[in-house]
Amino acid sequence: MASKDIADIAAKSEVAATATGIKQRAPVSDARAGAEKYDNRVITIAFAGNPNSGKTTLYNDYTGAHFKTANWPGVTYEVKEATVQYKGRTLRLVDLPGAYALIPGSPEEAEAVRFLTGVRSDAENAGVGGTNFSGGALGADVIINVTDSCALERSLFFTTQLIGAGTPVVVALNMADLAEKNGISVDTQRLSRMLGAPAVSVSAARRTGLSELLDTAIAEAEKARGDGDRNRSIAGKNQKPPVPQGATEEMRYAFISSVISACVTGCAPATGSLRRAVASDRADAVLTHTVAGPLIFLAIMAVIFYITFSAGNAIAGLIGRVLGALSVYIGGVLSDAGAADWAISLVIDGIIAGVGGVLMFLPNILLLFLLLALLEDSGYMARAAYLADGVMVRLGLTGKAFIPIILGLGCSVPAIMATRILEGRQQRLRTILMIPFVTCGSRLPVFILISALFFGRYAWLVTFGAFCAGILAAVIVAFIGSRLDDEKDRPGPMIIELPDYKLPSARTIFISVYEKLREYLVRAGTVIFLSAAGLWVFLHIGTDGYSPDMSRSFGAAFCRAAELFLAPAGLGFWQIAAALIAGIAAKEAVVSAMCVIYGVNGLHTIAGMYALREAMTATGFGVANALAFLAFTALYVPCIASLAVIKSETGGWRRVMFALFIHFLTAYTVSSLVYTIALVFM
Amino acid sequence: MTLYDAPVGGCFRVVAIHSTPSLKLRLSALGLTKGAQVTVLSRRRSAVVFRVRGARYAAAKGAASCVILSQTGR
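The structure reproduced in this document is the subject of the present report. (Residues numbered from 1 in each chain as written. Chains lettered and ligands numbered in written order. Predicted model: local features only at pLDDT ≥ 70, side-chain atom pairs only at ≥ 80, totals over all residues. Heavy atoms only, no water.)

Moving on to the interface of chain A and chain B. Contact residues are listed per partner, giving 39 residues for chain A and 32 residues for chain B. Contact between chain A and chain B buries roughly 3000 Å² in total, counting both sides, with carbon and sulfur atoms accounting for 57%. Along the contact surface separating chain A from chain B lie six salt bridges. For aspartate 281 of chain A, the salt bridge is made with arginine 51 of chain B, and the minimal N-O distance between the two is 2.5 Å. The interface formed by chain A and chain B includes 16 residue pairs in polar contact (both at pLDDT 80 or more). For the side of chain A that touches chain B, the element with the most residues is helix H15 (residues 380–394) of chain A, which contributes six residues. Looking at the side of chain A that touches chain B, its residues break down into 19 nonpolar, eight polar and 12 charged. (Contact = heavy atoms within 4.5 Å. Buried area = accessible area lost by both parts, 1.4 Å probe. Salt bridge = Lys/Arg side-chain N within 4 Å of Asp/Glu carboxyl O. Polar contact = N/O pair within 3.5 Å; in protein donor to acceptor, adjacent residues only side chain to side chain. Helix = DSSP H or I, 4+ residues; strand = E, 2+ residues; numbered from the N terminus. Nonpolar A, V, L, I, M, F, W, Y, C, P; charged D, E, K, R; others polar.)

A few words now on the nonpolar core. Across soluble globular proteins, nonpolar side chains have a tendency to be buried as a group. Counting residues in each nonpolar core, the largest one holds 137 residues, and the members touching the most others are Ile406, Ile450, Ile576, Met594, Ile597, Met616 and Phe629 of chain A. A per-element tally of this core places helix H21 (residues 506–540) of chain A first, with 11 residues. Non-local contacts of isoleucine 406 of chain A, meaning those with residues more than four positions away in its chain, are made with Phe297, Met301, Leu372, Met381 and Ala384 of chain A. Within the second largest apolar cluster, 69 residues are counted, among which are Ala101, Leu178 and Val259 of chain A together with Ala55 of chain B. (Core = buried A, V, L, I, M, F, W, Y, C linked by side-chain atoms within 4.5 Å. Buried < 20%, exposed > 50% of the residue type's maximum accessible area, 1.4 Å probe, protein only.)

On to a nonpolar patch on the surface. All names here are of chain A. Side chains of Val623, Leu673, Ile677, Val680, Phe681 and Met682 sit close together on the surface and give an oily, nonpolar patch of about 660 Å² of accessible area. With four residues, the single largest contributor to the nonpolar patch is helix H28 (residues 653–681). Looking at where methionine 682 falls in the secondary structure, it is placed in the segment after H28. Of the residues examined, methionine 682 reaches a relative accessible area of 58% and is grouped as exposed. (Patch = residues over 30% accessible without salt bridge, like charges linked within 9 Å, V, L, I, M, F, W, Y side chains within 5 Å. Areas by Shrake-Rupley, 256 points an atom, 1.4 Å probe, with all protein chains shown as cover.)

For the rest of this paragraph, the subject is the sheet that holds strand E3 (residues 47–52) of chain B. The six strands lie next to each other as E9(A)-E4(B)-E3(B)-E2(B)-E1(B)-E5(B), forming an open sheet whose pairing is antiparallel. Strand pairing shows two members of the sheet lacking a second neighbour, strand E9 (495–497) of chain A together with strand E5 (67–71) of chain B, which therefore form its edges. For this sheet, the mean angle separating the axes of adjacent strands, direction not counted, is 40°. Sheet topology places E9 of chain A next to strand E4 (residues 55–60) of chain B; three bridges connect them, and they run antiparallel. Note that in E4 of chain B the partner of isoleucine 495 of chain A across the bridge is alanine 59 of chain B. Across the face of the sheet, helix H11 (residues 275–287) of chain A comes into contact with strand E2 (37–43), E3 and E4 of chain B while running at roughly 30° to E4 of chain B. Running at roughly 15° to E9 of chain A, helix H1 (residues 21–29) of chain B makes contact with E9 of chain A together with strand E1 (11–17) and E5 of chain B of the sheet. (Pairing = 2+ DSSP bridges. Axes fitted to C-alpha atoms, helices over the stretch in contact; angles between N-to-C directions.)

All chains considered together, the criterion is met by 25 salt bridges over all chains. Of the charged contacts in the structure, one is a salt bridge between arginine 56 of chain B and aspartate 284 of chain A, with a shortest N-O distance of 4.0 Å. Separated into two different chains, arginine 56 of chain B in strand E4 and aspartate 284 of chain A in helix H11 make up a pair that spans both. Take aspartate 284 of chain A: its relative accessible area is 6%, and that puts it in the buried class. The closest approach of N and O atoms between arginine 518 of chain A and glutamate 515 of chain A, which form a salt bridge, is 3.2 Å.

A separate point is H28 of chain A. All names here are of chain A. In a regular helix each residue adds 1.5 Å, so 29 residues correspond to 42 Å; H28 covers 42 Å between its end C-alpha atoms and thus fits that length. Where H28 is concerned, the buried positions are Val656, Ala659, Ile662, His663, Thr666, Ala667, Tyr668, Ser671, Ser672, Tyr675 and Ala678. The inward-facing, buried residues of H28 contact helix H18 (425–434), helix H20 (459–484), helix H22 (554–566), helix H26 (623–635) and helix H27 (640–650). (Expected span 1.5 Å × (residues − 1).)

Glancing now at helix H12 (residues 292–336) of chain A. Residue and element names in this part refer to chain A. Between its first and last C-alpha, H12 extends 65 Å over 45 residues, near the 66 Å set by a 1.5 Å rise per residue. Along H12, the helix axis deviates most sharply at asparagine 313, where the bend reaches about 40°. The positive-phi residue at the C-terminal boundary of H12 is glycine 338, with phi of around 80°. (Bend = angle between axes of the 7 residues up to and from the residue.)

Here it is in structure tokens:
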């Protein structure tokens, strides 16, 4: 079908959900309250199906939204909705997290099941806060059951549970292009007849069959509504369950086998003779090998790290030069216009130095996000979970918890939210505590800067050390936690789907990197901008009003009070204390604060770097202090955004305070140790 | 023989699942039911990778050792 239609749909759509993944939810206490809100002309269409079957890709196609998709089960961890206009109708499209059956295992599956059935499940109650959908009416007018044409046998299990359960169902046979490539052909009409629900072949990735699918779904919804009854709890007017409601799993699969043998030709899915599946098995023979597997994983991490560090730095110089020129130009314009000294200083030494110091590292961040997105879309993440399971079990977790931890290399916020894929409350809480220890993209600028200033040739080694310290701290904290927790709270054994490997899709990667970069830039323009400007004010206002001498400011006086406390950790400098306080707002702010505090504008030049190092060493800050500073930054308190997500995901301040305490204690202890040891050897 | 100690490359049939009801439900939703054909793809000490009903899964020892298999004639 014409992708123009879809472009039109997308253009007219009002995407209600924000693309950040954190969305405002109108509180609706129960399903009934939502039903009252219900507008008769609006048709609610929910996308339901197995994890990794392409629901979000389809949703993005229809709504023009840019929600993250990737090749591992559980990428979508919350219900999202948008309203679109289509052929004179208003459609409310709802994207649900994936589920294998109407019996949920993890909180994110429970959320999908709750939306579909309106019933709160045990698994959901067992989860932690922040997973309860309250965006609007529960239940849909029609369910688009997204299935994977290449794994139809397994996909149809959920289908047999959905059809005839009350809401009309349209089966979307997704990845039709891949099925065709693999020589699979599905007799859609026969399949529809056997299932008792219409089936449509689509490819969300290639955008084919999209109009037909939507038209069919609308027709089903209107047919059901035509019966004059909007009460969805009364079992299907038009669709009858293909298998009796009380059927055993064996009976369902027996029915599915008969459907497959009647409607699907060209492959033997049970034995996995699909070309892509065979190629994936071959790749797995190496990538998940007992000995080679973990080594390859470490090598992949080292490569990501190396490219981010070295190639990023090469491009960063260019941005630095542009910023340097900008700073000179604006300084000239301001002084020509007769601006006051303090105003020029605020703009140049505060805002441009602060925000520019962060923007300098944009190439590093871009590369990191790009490489992580490639890893996620390749299908490797589930393998990493499999490889890590043995170690994670010793920490009282499962290999699945490794996925959010890897995501934490990019940013802690989405990583903490991704813990919704984990079963069991204790496992979730402990993983949430581990994630902020993992070096995120925002801490990278601090590491790169400090290691470049003080360690020259060994800069990458020191940065790598700080990164490892974070991982080690996370492991130790998790280990201690697992000893303290009750044995019976241990999560059940891990079971995870390993999808076929695929070449990462350009569109998926673009969306993923674009969204992350946008967030980084927005943060540079808001949080970093405000913290740099705020810090400038804090450090330039003293008892005598405005003063260019920062050491006489209120800020310096305040931070000097912290010197004594931070001295054993090698951080007894008011400048460093101020930078660390700024870093609570966002970790990049440590760099921007240092640019403001040490009055360095032009980190991009050798001279600029040299000037910063001179300014630091002049206060007595040496190599041992630099090591302690790196250790402290790697481990100390999560940023404001992370703390907010910890609160919303765990449902209270108690966990936030606990996380703050654990992180600060770890950072203080480790940096004190590092400082003492470094002093002995230097 | 259980799924956990079945040899790599072998093709088997599920005879029974001896586990808690909740784990049994989870396994059956993924296609591990009595009579299902299972191919073991690879293994580590902690977990095993297998294919059932056209999909590939990794299951940790605790889950895999609940699944009782028999040799198929194939």
